Amino acid sequence: MCGILGIFGNGNVTPELILGLTALQHRGQDSAGIVSFDGSFRMKKGLGYVDGIFDERTPEEVQGYCGLGHVRYATIGTPDILNAQPFAVNYPFGLAMVHNGNVINFAQLRKSLYEDHHRLLDTSNDVALILYTFASQLEMKDLKNLTVDDIFDTVEATQARVRGAYSAITIIANRGFLAFTDPHGIRPIVMGRKYTDKGLVYAFASETTCFDYLGFEFVRDLGHGEAVFIDQNMQVHQRTCQRSTQAFCVFEYIYFSSEDSVIHGRLVASERLRMGRTLARTVREAGIQPDFVMDVPNSAYFFASGLAEELGVPYRRGLAKNHHIGRSFISPTQQKREIMVRQKVNPLRDVIRGRKVAVVDDSIVRGTTAKHLVRLLKSRGAKEVYFISASPPIKHPCIYGIDMSAKEEILAAHYAPGEIAHYIGADAVVYQSLEDLRDLYADLPCCFACFSGEYPTGVTRELLNDIEQEKLCAKR
Ligand code: AMP
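J.: What am I meant to see in the environment of Val219 here?
T.: Considering the arrangement of structural elements, one finds Val219 in strand S11 (residues 217-221). For Val219, a relative accessible area of 27% gives the class partly exposed. When near neighbours in sequence (up to four residues on either side) are disregarded, Val219 contacts Met191, Gly192 and Arg193.

J.: For this particular structure, what's the right way to read the environment of Thr368?
T.: If you trace the backbone, Thr368 turns up in helix H13 (residues 368-379). For Thr368, a relative accessible area of 10% translates into the label buried. C-alpha of Thr368 to C-alpha of Val341: the two residues are 27 residues apart in sequence and 7.7 Å apart in space.

J.: How should the site of the ligand be read in this particular structure?
T.: Surveying the vicinity of the ligand reveals 15 residues, the closest of which are Asp361, Asp362, Val365, Gly367 and Thr369. One of the side-chain nitrogen or oxygen atoms of Tyr73 is found 2.8 Å away from a nitrogen atom of the ligand. Take Arg366: an N or O atom from its main chain is 2.8 Å from an oxygen atom of the ligand. Across the complex, the protein chains shield 93% of the 500 Å² of accessible surface that the ligand would expose by itself. Contributing elements (two or more residues each) for the shell around the ligand: helix H8 (251-256) and H13. Of the residues that constitute the shell around the ligand, the class distribution is 7 nonpolar, 4 polar and 4 charged.

J.: Help me understand the packing of aromatic side chains in this model?
T.: Describing an aromatic ring pair means giving the distance of the ring centres and the angle of the ring planes. Tallying each qualifying case throughout the model produces 16 aromatic pairs. An angle of 15 degrees between the planes, with centres 6.2 Å apart, marks the rings of Phe134 and Phe180 as stacked. Separated by 46 residues along the polypeptide, Phe134 in helix H5 (residues 126-138) and Phe180 in strand S8 (residues 176-181) bring together distant segments of the chain. Taking relative accessible area as the criterion, Phe180 reaches 0% and is therefore assigned buried. With a centroid separation of 6.0 Å and an interplanar angle of 40 degrees, the aromatic rings of Phe251 and Tyr255 are classed as tilted. Separated by 4 residues within a single helix, Phe251 and Tyr255 lie in helix H8, roughly one turn from each other.

J.: Would you mind showing me how to read the sheet that holds strand S20 (residues 356-361) here?
T.: Taken in spatial order, the 4 strands line up as S17-S20-S21-S22 in an open sheet, and their pairing is parallel. Of all the strands in the sheet, just strand S17 (292-295) and strand S22 (428-431) have a single pairing partner and so form its edges. Across the sheet, the axes of successive neighbouring strands diverge by a mean angle of 25 degrees, strand direction being ignored. Pairing geometry for strand S21 (residues 384-389) and S22, over 4 bridges, is parallel. Paired with Ser389 across the two strands is Tyr431, which belongs to S22. Lying on the sheet, helix H9 (residues 268-285) is in contact with S20, S21 and S22; it crosses S22 at an angle near 140 degrees. Seen against the sheet, H13 touches S17, S20 and S21 and runs at an angle of roughly 155 degrees to S21.

J.: What exactly am I supposed to notice about the sheet that holds strand S6 (residues 95-103) here?
T.: In a beta sheet, neighbouring strands are held together by backbone hydrogen bonds and run either parallel or antiparallel to one another. Read across the sheet, 6 strands follow the order S5-S6-S7-S8-S12-S13 without closing on themselves; strand pairing throughout is antiparallel. Taken across any chain shown, the strands that pair with only one partner, and hence form the sheet edges, are strand S5 (87-89) and strand S13 (236-240). Neighbour-to-neighbour, the strand axes of this sheet turn through a mean angle of 15 degrees, independent of strand direction. The sheet contact formed by strand S12 (residues 226-231) and S13 spans 5 bridges and is antiparallel. Paired with Val228 across the two strands is Gln238, which belongs to S13. This element, helix H6 (residues 148-161), spans strand S7 (164-172), S8, S12 and S13 of the sheet and lies at about 35 degrees to S13.

J.: I keep staring at the domain arrangement of the protein chain and nothing clicks. Help me out?
T.: Note on interface size: it is often stated as the accessible area lost on association of the parts. Each domain of the protein chain was delimited in the assignment, giving domain 1 (2-246) and domain 2 (269-439). Using C-alpha coordinates to define each centre, domain 1 is positioned 35 Å away from domain 2. On the side of domain 2, 9 residues touch domain 1, which itself brings 12 residues to the contact. Summed over both sides, the interface between domain 1 and domain 2 buries roughly 870 Å², with carbon and sulfur atoms accounting for 55% of that surface. At the surface where domain 1 touches domain 2, the tally comes to 0 salt bridges. The interface formed by domain 1 and domain 2 contains 2 residue pairs in polar contact (both at pLDDT 80 or more). Listing elements by their share of the side of domain 1 that touches domain 2, those giving two or more residues are S6 and S7.

J.: Explanation requested: unusual backbone geometry in the structure shown.
T.: Where the residue is not glycine, phi is negative for most of them; where a peptide bond is considered, it is trans in most cases. For the bond running from Gln85 to Pro86, omega is 5 degrees, close enough to zero to count as cis. Considering the arrangement of structural elements, one finds Pro86 in the loop between strand S4 (66-72) and S5. Backbone geometry at His118 places phi at a positive 55 degrees, although glycine is not the residue there. Mapped onto the fold, His118 is located in the loop between helix H4 (106-117) and H5. Despite not being glycine, Asn174 has its phi angle at roughly 60 degrees, a positive value. Structurally, Asn174 is set in the loop between S7 and S8.

Reading the values: rules and limits
- Residues numbered from 1 in each chain as written.
- Predicted model: local features only at pLDDT ≥ 70, side-chain atom pairs only at ≥ 80, totals over all residues.
- Heavy atoms only, no water.
- Helix = DSSP H or I, 4+ residues; strand = E, 2+ residues; numbered from the N terminus.
- Buried < 20%, exposed > 50% of the residue type's maximum accessible area, 1.4 Å probe, protein only.
- Contact = heavy atoms within 4.5 Å.
- Near = heavy atom within 4 Å.
- Polar contact = N/O pair within 3.5 Å; in protein donor to acceptor, adjacent residues only side chain to side chain.
- Areas by Shrake-Rupley, 256 points an atom, 1.4 Å probe, with all protein chains shown as cover.
- Nonpolar A, V, L, I, M, F, W, Y, C, P; charged D, E, K, R; others polar.
- Phe/Tyr/Trp six-rings, centres within 6.5 Å; stacked < 30°, edge-to-face > 60°.
- Pairing = 2+ DSSP bridges.
- Axes fitted to C-alpha atoms, helices over the stretch in contact; angles between N-to-C directions.
- Domains from an automatic or database assignment.
- Buried area = accessible area lost by both parts, 1.4 Å probe.
- Salt bridge = Lys/Arg side-chain N within 4 Å of Asp/Glu carboxyl O.

What follows is the structure in structure tokens.
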């Protein structure tokens, strides 16, 4: 998973790119990079957090009237600098690109790029696949007289070849600024604009949260399969290119997006509140009557408060959080993950002692977090602990950019809730029902593949195996 931002304006856009990336930092912390264009491309990338990579000299060194920024959370490809985005090529045009998502037909694309277009990929990052595919399709046009239709045709040809989830932003040197999504619109991408003393400025980003910080007005979400091109005169052109059934990733609302972002007209915090309220149905059905509801900080707050409201019991903060600890989920070994989880939170003893506690988290994947928390809460005197997952049981790996580990590690792929309760030491484990979640999104076609195994792009068993192998290989 990644965060992307592109700004197209008049003055130097780099200070705003850096600021905007900090607001997207939750989407990726493995690496960050920016590229600017001002007649030529200038690029700076590094490993780690945005504020550790860019400093006060960066706006001067990487200046440009348009630019792209990226924060990376490696799902396929190793988290090293070679794979950090943005990527740029100089043929047939100067092109620079950032993307968020996951390309699934990488083996076939790599082969055809080499055999048909003599382009050899020197990275395992899939933005190179999209960029090289785009470039090799663009070079077949009449480059001297390139038209807007040529650009949209190139997007269509790219979408026809690249399978998976992608929201991409591209600088086409001296021609303009382009954004497009995959035919299902799996990953979010929003468009914004603002008027400054230097004129009109446009932006595209993964989420609206960075628009708020940068003072951009939200224009709209890009539709599935849509491309928007802004030419050098700031004229906006649009085309619905390759379009399939919409399948927006519901996990963006559950976990990934920031609670202050609005995606497809829905504030993420409000979505979590709705999901929390709906959870009350399965909690009641399980016959659970907690004294209070608490959350696993931070993404579960709105689920927990919605559930508490609906059950008519108080919400309490039961855990203090150490904000200076990294992410446990993607630590390379189980032992390291367990150590990190242990250092992350600390129960508020008086709040939990002798009480029946419903703990809400956004999801259970390997069960590392849940197992540790249940043990911790019980060791600090909780009478009963019910572990509540705001998402339905995750049973299938995500192949579209959310790192949920290999299928063999996913608990609910192999065990029923009762067995999982036993494994994590809880008095009960309750999940959101998939039917309830689908009902909540009856008016927004979403991807539920990690719960149902129905992949909107279609997949074969061999392809799933290839993706799993590629992931495991990168992790090793
Ligand atoms: P686990 O501990 O393996 O069961 O993973 C569940 C925990 O990881 C929950 O606390 C989630 O907030 C968090 N989580 C779920 N999905 C992801 C993801 N794709 N990347 C990072 N963290 C995640």
